[in-house]
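Tertiary structure, described
This is what each chain is made of:
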Amino acid sequence: MSTDPSYVSADTGKILGAFMTAEPIEYPEVATAAMGAVVTFEGIVRNHDGGRGGVELLTYTAHPSADAEIARVADEVIAAHPKARLWCAHRTGDLHVGDAAFVVIAAAAHRHDAFAAASECADRVKAEVPIWKEQRHADGFSNWVGLE
């Protein structure tokens with residue numbers, strides 16, 4: 001890989017946002033003119049889970065520490081991937097099929113750095129941030145995911 005111009009590092013190693021929100025997710029432009037790669041992960045509410053169809057509604061609940069935890073994860077991810085820029089947000093409250101529940105965006109001069117930062121952030125938020133979801137199905141069945 002070629003060496004990037006020195007000004008690229010001024011645009012990288014940054015977190016543009018990492019937070020929980022009850023509002024629909026609207027995300028900023030993460031890339032700059034120095035970025036050649038943008039990786040976006042959008043976790044969308046689907047109508048099935050674990051082989052069971054009919055999911056109509058998810059309710060996300062988060063521990064009061066979740067905002068601090070998602071920020072901590074983002075800090076650690078960007079420290080491990082300093083050639084990227086990062087932004088992420090996770091919803092709370094009621095979400096319907098098709099709604100965005102979790103978004104991660106990583107930008108970098110090169111695709112490897114953007115993919116690595118986005119993937120690690122998504123995996124770690126799901127594993128480490130105290131967020132639970134209740135799934136409600138069309139037949140009246142409901143179950144909690146993340147509490148089992």
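Each remark here, short or long, concerns the structure printed above.
Computed from a predicted model, the values in this text were never measured in an experiment.

What follows concerns the side chain of threonine 92. The residue threonine 92 is located in the loop between β6 (84-91) and β7 (93-96) in this model. Among the residues examined, threonine 92 registers a relative accessible area of 19% and is labelled buried.

Here the structure, examined in full by the defined rule, presents three aromatic pairs. Ring centres of phenylalanine 19 and tryptophan 87 lie 5.6 Å apart, and the angle between their planes is 80°; on these two criteria the pair is classed as edge-to-face. With phenylalanine 19 in strand β1 (residues 14-21) and tryptophan 87 in strand β6, this pair connects stretches of sequence that are 68 residues apart. Its relative accessible area of 3% is what places tryptophan 87 among the buried residues.

Further remarks concern the packing of helix α2 (residues 66-80) against helix α3 (residues 111-128). Viewed as axis vectors pointing N to C, α2 and α3 meet at an angle of 150°, and their least axial separation amounts to 10 Å. Taken as axis vectors, α2 and α3 run roughly antiparallel relative to one another. Where α2 crosses over α3, the handedness of that crossing is right-handed. Where α2 abuts α3, its residues Glu69, Ile70, Arg72, Val73, Glu76, Val77 and Ala80 lie against Ala117, Glu120, Cys121, Arg124, Val125 and Glu128.

Before going further, it helps to examine α3. Quick reminder: α-helices carry 3.6 residues per turn. Residues three or four places apart thus point the same way. When the terminal C-alpha atoms of α3 are compared, their 25 Å separation across 18 residues agrees well with the 26 Å that a helix rising 1.5 Å per residue should span. For α3, the complete set of buried residues consists of Asp113, Ala114, Ala117, Ala118, Cys121, Ala122, Arg124 and Val125. The secondary structure elements touched by the buried residues of α3 are β2 (37-44), α2, β6 and β8 (100-108).

Tracing the sequence through the fold places threonine 59 in strand β5 (residues 55-62). Under the relative-accessibility criterion, threonine 59 is labelled buried at 12%. Excluding its chain neighbours within four sequence positions, the residues that come into contact with threonine 59 are Gly93, Asp94, Trp132, Lys133, Glu134 and Arg136.

Basis of the calculations
- Residues numbered from 1 in each chain as written.
- Predicted model: local features only at pLDDT ≥ 70, side-chain atom pairs only at ≥ 80, totals over all residues.
- Heavy atoms only, no water.
- Helix = DSSP H or I, 4+ residues; strand = E, 2+ residues; numbered from the N terminus.
- Buried < 20%, exposed > 50% of the residue type's maximum accessible area, 1.4 Å probe, protein only.
- Phe/Tyr/Trp six-rings, centres within 6.5 Å; stacked < 30°, edge-to-face > 60°.
- Axes fitted to C-alpha atoms, helices over the stretch in contact; angles between N-to-C directions.
- Parallel < 35°, antiparallel > 145°, perpendicular 65-115°, else oblique.
- Left-handed = near helix turned anticlockwise from the far one by under 90°.
- Contact = heavy atoms within 4.5 Å.
- Expected span 1.5 Å × (residues − 1).

Note that all results are geometric; they support no functional claim without further evidence.
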